[in-house]
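Read off the chains here:
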Amino acid sequence: MNKPIYVTQPSLPDLEEFIPYLQQIWDNKILTNNGPFHQQLEKELAEFLGVPYISLFANGTLALVTALQVLRITGEVITTPYSFVATTHSLWWNNIKPVFVDIEPEFGNLDPAKIEAAITPKTTAILPVHVYGNPCKVNRIQEIADIYGLKVIYDAAHCFGVKHLGQGICNFGDISILSFHATKVFNTMEGGAIVCHDAATKKRIDYLKNFGYAGETTVMAPGINSKMNEMQAALGLVQLKHYHENIEKRKIIADTYRKELSGIKGISFLPIPENTESNHAYFPIFVNEKEYGMSRDQLYEKLKHNNIFGRRYFYPLISEFSMYKGLDSAKPSNLIEANIKADKVICLPIYPDLALKYLNHIVEQLKTK
Ligand SMILES: *Cc1c(COP(=O)(O)O)cnc(C)c1O
């Protein structure tokens with residue numbers, strides 16, 4: 001196999017399908033600022049995801065930064081170190097102190113049993129991540145938040161389209177954010193969104209993403225510019241039409257991995273979460289060095305050598321980066337399970353157009369040491 005296989009490959013529709021949308025943008029000269037495609041995508045996504053209100057963003061990180069401002073979060077926020085670095089950076093950009101809490105071993109999400117011990121008088125919110133698109137223990141987290149009067153902001157960047165307990169995953173918590181980055185299951189090249197539950201909150205979100213403008217001459221807060229433009233929104237409309245067929249293809253790949261890898265000693269993968277319609281966004285495996293006879297990094301290098309470029313999501317932990325390492329909660333002794341996962345994980349390639357012969361090649365490489 002001399003073609004490199006990357007962990008993901010962005011899905012794009014046929015160019016011909018996109019051209020009429022571009023023509024319309026060129027004809028009406030509306031490029032951004034809540035244009036017709038932007039409005040249409042918000043409407044279609046709210047329906048598609050089964051959520052009441054959605055506001056589109058230029059990317060997921062700005063959606064996260066803004067979400068914290070929408071809810072006026074300050075002081076300390078409890079979060080997970082086992083995520084993409086943008087989760088914690090959103091707190092840093094708001095002058096909020098991150099407090100890292102360990103993950104539960106089953107799915108790698110924030111462990112509700114460890115949240116209460118980390119709450120202080122300064123805690124105002126919990127920022128969990130549905131990592132790899134697998135739902136957090138949403139009911140337990142909400143119970144804790146209710147007892148202590150905390151807001152819950154979900155980083156749902158991995159779980160576009162996931163349904164849990166009979167509803168869209170973004171209905172849980174006070175606010176959820178999504179990412180439509182090129183590497184995510186639904187992309188607008190770059191893009192993101194905030195999902196909220198009421199019209200007043202959506203209004204505030206829409207002011208804050210447009211410099212704080214609340215009218216022609218009124219600015220209600222020092223907002224940012226994080227609006228999605230019309231080209232991104234138009235692409236989103238076309239991508240949405242292909243979502244289900246893409247997820248079907250991902251499912252076949254995930255099922256094949258599960259079947260083929262289940263017999264390999266020392267390689268494990270995550271269970272299928274209960275009451276959940278998955279989007280098969282990632283396929284993480286965990287390497288037990290003793291049983292497999294090769295360390296995670298040895299396997300990672302071997303795969304690379306064979307043109308298979310997995311990724312060690314999420315290694316290093318966010319708590320290991322220099323700007324966070326000094327925090328008390330960043331100590332490895334506080335984050336035992338997170339460190340175990342970070343040291344063992346490799347995300348295998350999974351994307352709709354991953355051809356069977358490449359998939360077989362990957363499986364073969366894992367089976368032969
Ligand atoms: C991708 C991602 C983000 C950031 O989204 P962008 O659209 O790339 O800014 C945030 N959190 C997590 C968990 C992500 O995977």
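The structure this text deals with has already been given above.
About the thresholds
Residues numbered from 1 in each chain as written. Predicted model: local features only at pLDDT ≥ 70, side-chain atom pairs only at ≥ 80, totals over all residues. Heavy atoms only, no water. Core = buried A, V, L, I, M, F, W, Y, C linked by side-chain atoms within 4.5 Å. Buried < 20%, exposed > 50% of the residue type's maximum accessible area, 1.4 Å probe, protein only. Helix = DSSP H or I, 4+ residues; strand = E, 2+ residues; numbered from the N terminus. Domains from an automatic or database assignment. Patch = residues over 30% accessible without salt bridge, like charges linked within 9 Å, V, L, I, M, F, W, Y side chains within 5 Å. Areas by Shrake-Rupley, 256 points an atom, 1.4 Å probe, with all protein chains shown as cover. Salt bridge = Lys/Arg side-chain N within 4 Å of Asp/Glu carboxyl O. 1 Å grid on protein atoms, 1.4 Å probe; cavity = no way out; pocket = protein on both sides within 12 Å on 5 of 7 lines; lining within 4 Å. Points joined across faces, edges and corners; volume = space filled by probe spheres on them. Nonpolar A, V, L, I, M, F, W, Y, C, P; charged D, E, K, R; others polar. Near = heavy atom within 4 Å. Polar contact = N/O pair within 3.5 Å; in protein donor to acceptor, adjacent residues only side chain to side chain. Sits in = over half its atoms within 2 Å of the grid points. Pairing = 2+ DSSP bridges. Axes fitted to C-alpha atoms, helices over the stretch in contact; angles between N-to-C directions. Contact = heavy atoms within 4.5 Å. Phe/Tyr/Trp six-rings, centres within 6.5 Å; stacked < 30°, edge-to-face > 60°.

Glancing now at the nonpolar core. Ranked by internal contacts, the top residues of the largest apolar core, which has 57 residues, are Leu-45, Ile-54, Tyr-82, Tyr-132, Phe-160, Leu-178 and Phe-180. When residues of this core are traced back to their parent elements, those giving at least two are helix 1 (15-28), helix 2 (36-49), strand 2 (53-57), strand 10 (192-196), helix 7 (230-241), helix 8 (243-261), helix 12 (336-344) and strand 15 (345-348). When residues of this core are assigned to their parent elements, the largest contribution, six residues, is made by helix 7. When residues of this core are sorted by domain, at least three fall in each of domain 1 (15-241) and domain 2 (243-367). Counting 26 residues, the second-largest nonpolar core is a separate cluster that includes Tyr-257, Ile-267, Met-294 and Ile-362.

A cluster of nonpolar side chains, Phe-211, Tyr-213 and Val-219, forms an exposed patch at the surface whose accessible area comes to about 280 Å². By the secondary structure assignment, Val-219 is in the loop between helix 6 (199-208) and helix 7. Taking the relative accessible area as the measure of exposure, Val-219 reaches 48% and is therefore partly exposed.

Here the largest pocket defines a volume of roughly 640 Å³. As for the largest pocket, its lining consists of 38 residues, of which Phe-84, His-158, Lys-184, Tyr-313 and Phe-314 are closest to the centre. For the lining of the largest pocket, the residue count by class is 21 nonpolar, eleven polar and six charged. Residue contributions to the lining of the largest pocket reach at least three from each of two domains, namely domain 1 (15-241) and domain 2 (243-367).

Inspection of the region around the ligand gives 14 residues, with Thr-61, Asp-155, His-158, Ser-179 and Lys-184 positioned closest. Within the side chain of His-158, a nitrogen or oxygen atom sits 2.8 Å from an oxygen atom of the ligand. Within the side chain of Lys-184, one N or O atom sits 3.1 Å away from an oxygen atom of the ligand. Structurally, the ligand is housed in the largest pocket. Elements represented by at least two residues in the shell around the ligand include exactly helix 3 (60-70) and helix 4 (86-92). Here the shell around the ligand is built from residues that sort into three nonpolar, nine polar and two charged.

Let's shift gears to the sheet that holds strand 4 (residues 97-100). Backbone-to-backbone hydrogen bonds pair the strands of a sheet. The strands run either parallel or antiparallel. Strand order in the open sheet formed by seven strands is 2-10-9-6-5-3-4, and the pairing between neighbours is mixed. Two strands close off the open sheet at either side, each with one partner strand: strand 2 and strand 4. Each strand axis lies, on average, 25° off the axis of its neighbour in the sheet, ignoring direction. The sheet contact formed by strand 3 (residues 76-79) and strand 5 (residues 123-127) spans four bridges and is parallel. If you follow Val-77 over to strand 5, its bridge partner there is Ala-125. Against the sheet, helix 3 touches strand 2, strand 5, strand 6 (151-155), strand 9 (175-179) and strand 10, its axis set at about 165° to strand 9. Where helix 6 meets the sheet, it contacts strand 2, strand 9 and strand 10, and its direction lies at approximately 10° from that of strand 2.

Another aspect to go through is the packing of aromatic side chains. Inspection of the entire model under this criterion finds 19 aromatic pairs. For the pair Tyr-82 and Tyr-132, a centre-to-centre distance of 6.1 Å together with 80° between the ring planes defines the contact as edge-to-face. Here Tyr-82 is found in the loop between strand 3 and helix 4, whereas its partner Tyr-132 is found in the loop between strand 5 and helix 5 (138-148), with 50 residues between them in sequence. Like Tyr-132, Tyr-82 is buried. Here Trp-92 and Trp-93 contribute two aromatic rings whose centre-to-centre distance is 5.9 Å and whose plane-to-plane angle is 80°, an arrangement assigned as edge-to-face. One exposure class covers both Trp-92 and Trp-93, and it is exposed. In textbook terms, an aromatic cluster arises when at least three aromatic residues are bridged by ring pairs, as seen for Phe-48, Phe-160, Phe-180, Phe-186 and Tyr-243.

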